[in-house]
Each structure stands twice: as structure tokens, then as C-alpha cells.
Amino acid sequence: MLAAGNLNYALVDFEHPMIERLDIDGEPSLLLYEHRREITGYLYFPRDRHATGAMEQFVRDYLACIERLLADAQATVLGPG
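Residues numbered from 1 in each chain as written. Predicted model: local features only at pLDDT ≥ 70, side-chain atom pairs only at ≥ 80, totals over all residues. Heavy atoms only, no water.

Draft legend 1. Examining the overall build of the protein more closely. Across its full length, the protein carries one helix and two strands. Listed N to C, the secondary structure of the protein is β-β-α in terms of helices and strands. Per-residue burial over the protein gives 11% buried out of 81 residues. If you take every contact in the protein between residues at least 6 apart in sequence, the share linking residues at least 24 apart comes to 10%. (Helix = DSSP H or I, 4+ residues; strand = E, 2+ residues; numbered from the N terminus. Buried < 20%, exposed > 50% of the residue type's maximum accessible area, 1.4 Å probe, protein only. Contact = heavy atoms within 4.5 Å.)

Draft legend 2. The arrangement of a nonpolar patch on the surface in detail. On the surface, Leu30, Leu32, Ile39, Phe58, Val59, Tyr62, Leu63, Ile66, Leu69, Leu70 and Val77 cluster together into a nonpolar patch covering about 980 Å² of accessible area. At the level of elements, β1 (29–35) and α1 (52–71) are the ones that each hand at least two residues to the nonpolar patch. Per element, the largest residue contribution to the nonpolar patch is seven residues, and it comes from α1. (Patch = residues over 30% accessible without salt bridge, like charges linked within 9 Å, V, L, I, M, F, W, Y side chains within 5 Å. Areas by Shrake-Rupley, 256 points an atom, 1.4 Å probe, with all protein chains shown as cover. Salt bridge = Lys/Arg side-chain N within 4 Å of Asp/Glu carboxyl O.)

Okay, here's the thing in C-alpha cells:
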């Protein structure tokens, strides 16, 4: 039995069975999952509504945000306004 406040976890190796042939054309969605001690991600978006360059910029901005948070775990994230 776990003591109050403790959290245990175990790594689960997961290979997505459809990732090689998955073809989604829906709203932009970001899929992140842990695999072999790293985070892997995919961004899916409808090409007829979003420019590839804009989505590439979104990914760069997202990674910059994550890197900033990792660099300073005490950083404050401010909302709009």
C-alpha cells in the first residue's frame, strides 16, 4: 500500500501499431508519448486549412516553450493580459 502523497510509476514500452500508415486530416492535434526514455511527438493538421510553414513555426515555438520551462523549473507561466 502506498503512503499518502507517494506516486509510483513504471515505464511501458509502446509502439503505436498504426503510426506508419496513419493519415489524419482533422483539426490540428499534437500527440506526445514517452518511448525509450525520450518524448516523441507528431503534429497532425488539415493541409487545406493550415500552411505547412505555419505549423512548422508552431512546433518551433512549442519546443522553445518546453525548453524554457525545462531550463527553469521555477519559471512562472503567465496567461493572456
